[in-house]
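If you want the building blocks of each chain, they are given just below.
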Amino acid sequence: MPVRPEESTPLPQQLPTQESAPVTVFASPGSWIESDAVVQCHQVAALDGMSRVAGMPDLHPGKAAPIGAAMLSSVLYPHLVGSDIGCGIAVFPFPLKRAVPERLAGRFPDLDRALDPVRDADDPAWAVLDGDIPAGHLDGVGTVGRGNHFVELARVGTVLAPDHADRLGLAEGDLVLIVHSGSRGLGERILRAHTERHGAGPAPDPAGYLAAHDAAVRWGALNRRLLAARVAHALGSAPAAPIVDQCHNLVEVRAGRYLHRKGAAPGDGRDVLVAGTRGTASYLVHGHAGAAANHSVAHGAGRKMSRADALRRGRAKHTVEQLRRTPVGSIVVCGDRQLLFEEAPGAYKRIEQVIADLVAHGLATPVATTVPLVTYKTLDAAARPARDRRRARGRR
DNA sequence: ATGTAC
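Just so you know, these numbers come straight off a predicted model, no measurement behind them.

Caption draft 1: Local environment of the overall build of chain A. Along the backbone of chain A there are 12 helices and 15 strands. Taken against the 2.2 N^0.38 rule, which gives 21 Å for 396 residues, the C-alpha radius of gyration of chain A at 22 Å falls within 12% of a compact globule. Seen through its C-alpha atoms, chain A measures out along the principal axes to roughly 85 × 60 × 45 Å. In chain A, which comprises 396 residues, the proportion classed as buried is 52%. Across chain A, contacts joining residues at least 24 apart in sequence account for 78% of those joining residues at least 6 apart. Element-wise, carbon and sulfur atoms account for 53% of the exposed surface of chain A, whose accessible area totals about 17800 Å².

Caption draft 2: Up close: unusual backbone geometry. Residues other than glycine seldom take positive phi values, yet D130 does so here, at roughly 55 degrees. Here D130 lies in the loop between α4 (101-105) and β5 (150-159). Despite not being glycine, A135 has its phi angle at roughly 60 degrees, a positive value. Here A135 is to be found in the loop between α4 and β5. The exposure class of A135 is exposed, given its relative accessible area of 54%.

Caption draft 3: Structural view of empty space enclosed by the protein. For the structure on display, the rule yields four cavities of 30 Å³ or more. Of the voids in this model, the largest cavity is the one considered here, and its volume is about 50 Å³. Lining the largest cavity, in full, are F92, P93, F94, V128, R225, A228, A229, A232, A238, P239 and A240. If you list the elements that add at least two residues to the lining of the largest cavity, you get β4 (88-93) and α7 (206-235). When residues in the lining of the largest cavity are grouped by element, the largest group, four residues, is from α7. Here the residues of the lining of the largest cavity sort into 10 nonpolar, no polar and one charged.

Caption draft 4: Summary view of helix α2 (residues 35-45). Considered for burial, the residues of α2 that qualify are A37, Q40, C41, V44 and A45. Take α2 and look down its axis: the buried residues cluster within an arc of 145 degrees, on one side only. In α2, the exposed positions that point more than 90 degrees away from the buried face belong to S35 and Q43. Against the buried residues of α2 lie β1 (23-25), β2 (50-60), β3 (67-73) and α3 (78-81).

Caption draft 5: How the structure looks around the protein's contact with DNA strand B. In the vicinity of DNA strand B, the residues found are K63, S83, D84, G145, R146, G147, N148, H149, R184, G185, E188 and R307. Residue K63 places a side-chain N or O atom 3.4 Å away from a base nitrogen belonging to DNA strand B. With respect to DNA strand B, the side chain of R184 contributes an N or O atom lying 2.9 Å from a phosphate oxygen. Considering only residue class, the surface near DNA strand B consists of no nonpolar, six polar and six charged.

Caption draft 6: Here's a closer look at the pattern of salt bridges. Overall, the coordinates contain 18 salt bridges when judged by the stated rule. Where R325 meets E102, a salt bridge forms, and the shortest distance between an N and an O atom there is 2.2 Å. One end of the pair, R325, is in the loop between α9 (320-324) and β14 (331-334); the other, E102, is in helix α4, with 223 residues separating them in the sequence. By relative accessible area, which is 40% here, R325 ends up partly exposed. The class for E102 is partly exposed, based on a relative accessible area of 41%. The shortest N-O distance in the salt bridge between R146 and D336 comes to 2.6 Å. Linking R146 in the loop between α4 and β5 with D336 in the loop between β14 and α10 (337-342), this pair joins segments that are 190 residues apart in sequence. The exposure class assigned to D336 is buried, which follows from its relative accessible area of 3%.

Caption draft 7: Just the packing of helix α6 (residues 185-198) against α7, in detail. The interhelical angle for the contact between α6 and α7, taken along N-to-C directions, is 165 degrees, at an axis separation of 9 Å. If you check the angle between α6 and α7, you find them roughly antiparallel. In terms of crossing hand, the pair formed by α6 and α7 is left-handed. Across the interface between the two elements, L186, G187 and I190 of α6 pack against Y209, A212, H213, A215, A216 and W219 of α7.

What counts and what doesn't
Residues numbered from 1 in each chain as written. Chains lettered and ligands numbered in written order. Predicted model: local features only at pLDDT ≥ 70, side-chain atom pairs only at ≥ 80, totals over all residues. Heavy atoms only, no water. Helix = DSSP H or I, 4+ residues; strand = E, 2+ residues; numbered from the N terminus. Rg over C-alpha atoms; globule rule 2.2 N^0.38 Å. Buried < 20%, exposed > 50% of the residue type's maximum accessible area, 1.4 Å probe, protein only. Contact = heavy atoms within 4.5 Å. Areas by Shrake-Rupley, 256 points an atom, 1.4 Å probe, with all protein chains shown as cover. 1 Å grid on protein atoms, 1.4 Å probe; cavity = no way out; pocket = protein on both sides within 12 Å on 5 of 7 lines; lining within 4 Å. Points joined across faces, edges and corners; volume = space filled by probe spheres on them. Nonpolar A, V, L, I, M, F, W, Y, C, P; charged D, E, K, R; others polar. Arc of directions from axis to C-beta. Near = heavy atom within 4 Å. Polar contact = N/O pair within 3.5 Å; in protein donor to acceptor, adjacent residues only side chain to side chain. Salt bridge = Lys/Arg side-chain N within 4 Å of Asp/Glu carboxyl O. Axes fitted to C-alpha atoms, helices over the stretch in contact; angles between N-to-C directions. Parallel < 35°, antiparallel > 145°, perpendicular 65-115°, else oblique. Left-handed = near helix turned anticlockwise from the far one by under 90°.

Encoded structure:
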């Protein structure tokens, strides 16, 4: 007599070994948080070894994990940090006598083109590296990247904590350069090497992953300095060390556990630039987030729309000219029209609400606002929408 | 966000 299937089926091996970790989202009830992102937080919370998931007010859905979240676990999961290991935002002093956006926009260097050690041997920007290129990785060195990355010349607007701003050497009207960029191809390569063998599973050799990860974090920070130096030399300012530089995609080892940050900046006693949008102010804040928030603060306004939605709705609502010359009078250097729509201010949440939520939950204190003058995204026009390409062909 | 495949 044949054995019935259930009799030959072994007992399931994946019995639940623990309750799901607590999930806290630090946003007010009125703040828009996509339910998909909260679902992703709960999926992460159910992972083996997870002890706490903290969603920041800029929380939104990511590809494999939520963006705007800090996730504490006894197990190291590379996919929770994602491919742009070492991505962060730095603020540099940028003393210029005069800053007319129209004139300065045209003087930005080509930050889509990597510095070549031979052809650009004489470029003074190399000096900030001091000969140190982590992992020997030269691909894309000195480039800003795509997506939400940018290099922005901004003016300090409202000073909200004068003593703190003073300590940072910032006063109303001062110029700063804000650089949001990561580890370009290096972090992507590190995640891919893990994913090819282990998918979304844990790192079997945490020390090995962390060694590669730390190099990408260092590469990202050095690249932000390199970008700032390139712009400083081109615009006639003096290259300087950053006054603020915090990485929001990384793993931090805390008391033997792994704190994964994905779009969540370190908020434990540190100063962080919380990026607004390409056309609204950003906020420099002092973070003082505790254990409940996994010692983290938001990293930006957070997407409100997917890139596809932003493109569709943005095209109906705005002209390219409106997005390149913003309501605050700044200029957005972006040759790629699709990216311009994807990154339109309306595709993001209101930064004031994100900051208000951080304040309401006691995670941060605003220090000063920065108001954009020129935001560099890309000079490259390669990825224009198909309709524009058809039009361009028609004109020939 | 990325390099790469389509």
